[in-house]
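Residue-level structure breakdown
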Amino acid sequence: MTCRELIDFLAAYLDGDLDEQRRSVFEHHLSICPSCVDYVKSYETTVALEQRLGTAAGDELPEELPEGLLDAVLAAVRSEKDR
Amino acid sequence: MRDSSHSFAPVSEEKSPDTAGNDEAWNRPEFIGQLRRGDQGAYAELVTGLGPRMMVTACRLVSEEEARDVVQEAFIGVVKSIDRFEGRALLSTWIHRMVVNAALTVLRRRKRKPESSIDDLLPRFLEDGHRADPEGPWRSSEPDSYETVATRRLVRESIERLPASYREILILRDLEGIDTQETADLLGLSPANAKVRLHRARQALREALAPHMVEVAA
């Protein structure tokens with residue numbers, strides 16, 4: 001397995017989608033290739049940083065609701081009740 | 001010699017922003033009953049409580065101006081279809097998906113510019129299959145060590161620079177925590193193609209972050 005193939009198979013490896021033989025070849029390459037170890041670690045770090053961006057949305061939260069949002073929703077509520 | 005026997009944990013498959021807060025409270029039967037009866041106070045509570053988070057989700061996918069319309073459309077959708085809410089999912093997740101769907105509809109309506117190729121953003125290889133320009137180890141493999149406002153901005157801006165179809169799948173899967181099957185359904189892809197696209201998007205993002213993350217030689 002080359003470094004290129006390892007990177008191609010990386011997502012499947014991390015998702016547990018590789019069969020046993022391919023997984024074994026993948027892990028053998030990792031055991032002899034520090035560059036690919038670096039790559040896999042940095043790939044995992046990248047995903048973790050993205051996922052944290054998703055959950056730590058505090059700094060993105062708007063301080064106020066968009067103007068008119070609540071009024072529009074409450075108007076829809078009244079309209080539905082009148083139907 | 002660096003340790004190359006690191007064991008790698010699977011990337012988290014399931015994560016929802018909705019698990020972060022006290023979202024079970026929105027599913028209280030009495031609260032759902034109030035919504036079904038058209039209780040204005042209950043709707044005010046819902047919009048005030050979930051509106052800001054839904055704006056964050058929408059703003060990740062569309063412009064702020066479009067996001068306002070998307071969130072409004074989603075909450076009005078709740079008013080019209082709350083009788084069909086069966087309570088199998090969290091109410092917040094149900095509304096979140098309405099927001100995502102409405103935002104994706106806006107994106108589809110846009111006259112799309114031809115998308116730039118992602119190939120230039122992926123790792124390059126030599127003929128023998130080795131990486132052409134390995135940058136060396138990152139400063140740390142612990143995400144905690146990068147937890148700064150500047151890093152979050154860097155990640156956010158790097159995502160924004162990805163070609164649209166790659167940015168969308170990254171946001172849906174990794175930021176919004178939607179699983180592979182549902183993401184594939186939302187984007188009209190097979191699950192296998194969704195996985196391939198996500199992997200390429202993550203690789204491109206990794207390449208964009210790498211110059212900022214490597215150890216600086218002493």
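Residues numbered from 1 in each chain as written. Chains lettered and ligands numbered in written order. Predicted model: local features only at pLDDT ≥ 70, side-chain atom pairs only at ≥ 80, totals over all residues. Heavy atoms only, no water.

1. What about the interface of chain A and chain B?
With 52 residues of chain A in contact, the opposing surface of chain B contributes 67 residues. Carbon and sulfur atoms make up 66% of the surface buried where chain A meets chain B, a total of about 5500 Å² over both sides. In this assembly, chain A and chain B are joined by one salt bridge. Residue Asp17(A) is joined to Lys195(B) by a salt bridge in which the shortest nitrogen-to-oxygen separation is 2.8 Å. (Contact = heavy atoms within 4.5 Å. Buried area = accessible area lost by both parts, 1.4 Å probe. Salt bridge = Lys/Arg side-chain N within 4 Å of Asp/Glu carboxyl O.)

2. Focus: the side chain of Arg131(B)
Looking at where Arg131(B) falls in the secondary structure, it is placed in the loop between α4 (91-109) and α5 (149-160). Residue class for Arg131(B) comes out buried when judged on its relative accessible area of 7%. Excluding residues within four positions of it along the chain, Arg131(B) makes contact with Cys3(A), Ile7(A), Ser35(A), Tyr39(A), Pro123(B), Arg124(B), Phe125(B), Leu126(B) and Arg206(B). (Helix = DSSP H or I, 4+ residues; strand = E, 2+ residues; numbered from the N terminus. Buried < 20%, exposed > 50% of the residue type's maximum accessible area, 1.4 Å probe, protein only.)

3. Observations regarding the domain arrangement of chain B
All names here are of chain B. Each assigned domain of chain B is listed with its residue range as follows: domain 1 (20-109) and domain 2 (119-213). Computed over C-alpha atoms, the centres of domain 1 and domain 2 are 28 Å apart. Tallying the contact residues gives ten residues for domain 1 and nine residues for domain 2. For the pair domain 1 and domain 2, the summed buried area comes to about 890 Å², and 59% of that belongs to carbon and sulfur atoms. Taken as a group, Arg 60, Arg 97 and Leu 104 account for 51% of the area that domain 1 buries against domain 2, more than any other trio of residues on that side. A salt bridge links Glu 182 to Arg 97, with the nearest nitrogen and oxygen atoms 2.8 Å apart. Across the domain 1-domain 2 interface, the total number found is five residue pairs in polar contact (both at pLDDT 80 or more). Those elements giving two or more residues to the side of domain 1 that touches domain 2 turn out to be α2 (40-61) and α4. Counting residues per element, the side of domain 1 that touches domain 2 draws most heavily on α4, which supplies seven residues. Taken together, the residues of the side of domain 1 that touches domain 2 sort by class into four nonpolar, three polar and three charged. (Domains from an automatic or database assignment. Polar contact = N/O pair within 3.5 Å; in protein donor to acceptor, adjacent residues only side chain to side chain. Nonpolar A, V, L, I, M, F, W, Y, C, P; charged D, E, K, R; others polar.)

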